[in-house]
Amino acid sequence: MNRIVRLATDDVTDDETTVTVRLGDPPSPLPEPVADLMRAYIQSRQRLPYASSRSSQRLFPGRQPGQPMNPVSLQVHLREIGVSPQRGRTSAIRQLVLQAPAPVIAKALGYHDKTATRLVTEAGGTWSRYAPGDHTR
């Protein structure tokens, strides 16, 4: 969430068909209905309560000029519109562990192996018995 609140307005691109967010290279497309939520949010930025926020280049401006929104505040706002950030994160990780071994995903994302293994089991994946390491012997 810390990385999300630091996004700038030019990190989001909308070509009328696809909304992308630059989290890395290449930018990531947002799926529906998230793309529609982002479009609505960008249009509503002119009605933000703080004048300094309206002119900010931050996508999620905080109360202090030039500062991003507090991550906890963003989570509260997301919950108010029916988006559970934790549920989305868990769903994304479950999808990843179906595509690659849980220990590989755990290491890449900084999760504990047991957490990733539990998620792959919950998702019905087949990587639960993957043994990491050198298999060339």
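Notes on the structure follow. All figures in this text were calculated on a predicted structure; none of them were measured in a lab.

Calculation criteria
Throughout, a residue's number is its position along its own chain's written sequence, starting from 1. The predicted nature of this model means local features are confined to residues of pLDDT at least 70 and side-chain atom pairs, given and counted, to a pLDDT of 80 or more, with totals for whole chains, interfaces and linings taken over all residues. No hydrogens and no water enter the side-chain calculation; it runs on all heavy atoms of the structure. Each helix is a run of H or I in the DSSP string that is no shorter than four residues. Each strand is a run of E no shorter than two, and both are numbered from the N terminus. Three labels apply to residues, based on accessible area from a 1.4 Å probe with only protein chains included: buried if under 20% of the type maximum, exposed if over 50%, partly exposed otherwise in between. Contact criterion: two residues are considered in contact whenever any of their non-hydrogen atoms come within 4.5 Å of each other. Each accessible area is a Shrake-Rupley estimate made with a 1.4 Å probe; only the visible protein chains count as cover when residues are assessed. Pairing of N or O atoms within 3.5 Å defines a polar contact, subject to two protein rules: one partner must be a possible hydrogen donor and the other a possible acceptor, and residues neighboring in sequence count only if both atoms are side-chain atoms. Paired strands, as defined in this entry, are two strands with at least two bridges between them according to DSSP. What is meant by a nonpolar core is a set of buried Ala, Val, Leu, Ile, Met, Phe, Trp, Tyr and Cys residues, joined one to another through side-chain atoms within 4.5 Å. By convention in these notes, a salt bridge is any Lys or Arg side-chain nitrogen within 4 Å of a carboxyl oxygen on Asp or Glu.

What follows is about the overall build of the protein. The helix and strand inventory of the protein stands at 7 helices and 3 strands. Across the 137 residues in the protein, those meeting the buried criterion constitute 26%. Sequence separation of 24 or more characterises 37% of the internal contacts of the protein that already satisfy a separation of 6 or more. With the model as given, the accessible surface of the protein reaches about 9,600 Å², and the carbon-plus-sulfur share is 53%.

Right, let's talk about helix α4 (residues 71-80) for a bit. Capping the start of α4, Asn70 holds a side-chain oxygen 2.7 Å from the backbone nitrogen of Val72, two or three residues further along. Among the residues trailing α4, Gly82 stands out with phi positive, at a value near 90 degrees.

Following the sequence through the fold, Asp11 ends up in the loop between α1 (2-5) and β1 (12-14). Setting aside its immediate chain neighbours within four residues, Asp11 contacts Thr20, Val21 and Arg22.

Time to look at the sheet that holds strand β3 (residues 28-29). Here we have 3 strands laid out as an open sheet, ordered β1-β2-β3, and antiparallel in their pairing. This sheet does not close on itself; its edge strands, each paired only once, are β1 and β3. Bridge analysis of β1 against strand β2 (residues 19-21) gives 3 bridges, and the strand direction is antiparallel. Bridge pairing links Thr13 to Thr20 in β2.

A few words now on the nonpolar core. Judged by nonpolar contacts, Val5, Leu7, Val12, Val19, Val21, Ala35, Met38, Tyr41, Leu59, Phe60, Met69 and Leu74 together constitute the single largest core of 12 residues. Counting only elements with at least two residues in this core, the list comes to β2 and α2 (34-44). Examining the composition of this core, we find that 3 residues originate from one element, α2, more than from any other.

What follows deals with the pattern of salt bridges. Evaluated as defined, the whole model comprises 4 salt bridges. As a salt-bridge pair, Arg39 and Asp14 come within 2.9 Å of each other at their nearest N and O atoms. Of this pair, Arg39 sits in helix α2 while Asp14 sits in strand β1, and the two are 25 residues apart along the sequence. Judged by relative accessible area, which is 36%, Asp14 ranks as partly exposed. Residues Arg39 and Glu32 are paired through a salt bridge, measuring 3.6 Å at the closest nitrogen-oxygen approach. Note on Arg39: relative accessible area 18%, which makes it buried. Among the residues examined, Glu32 registers a relative accessible area of 46% and is labelled partly exposed. Look at the salt bridges and you will find they share partners, linking Asp14, Glu32, Asp36 and Arg39 into a network.

By themselves, these observations are geometric and do not establish any function.
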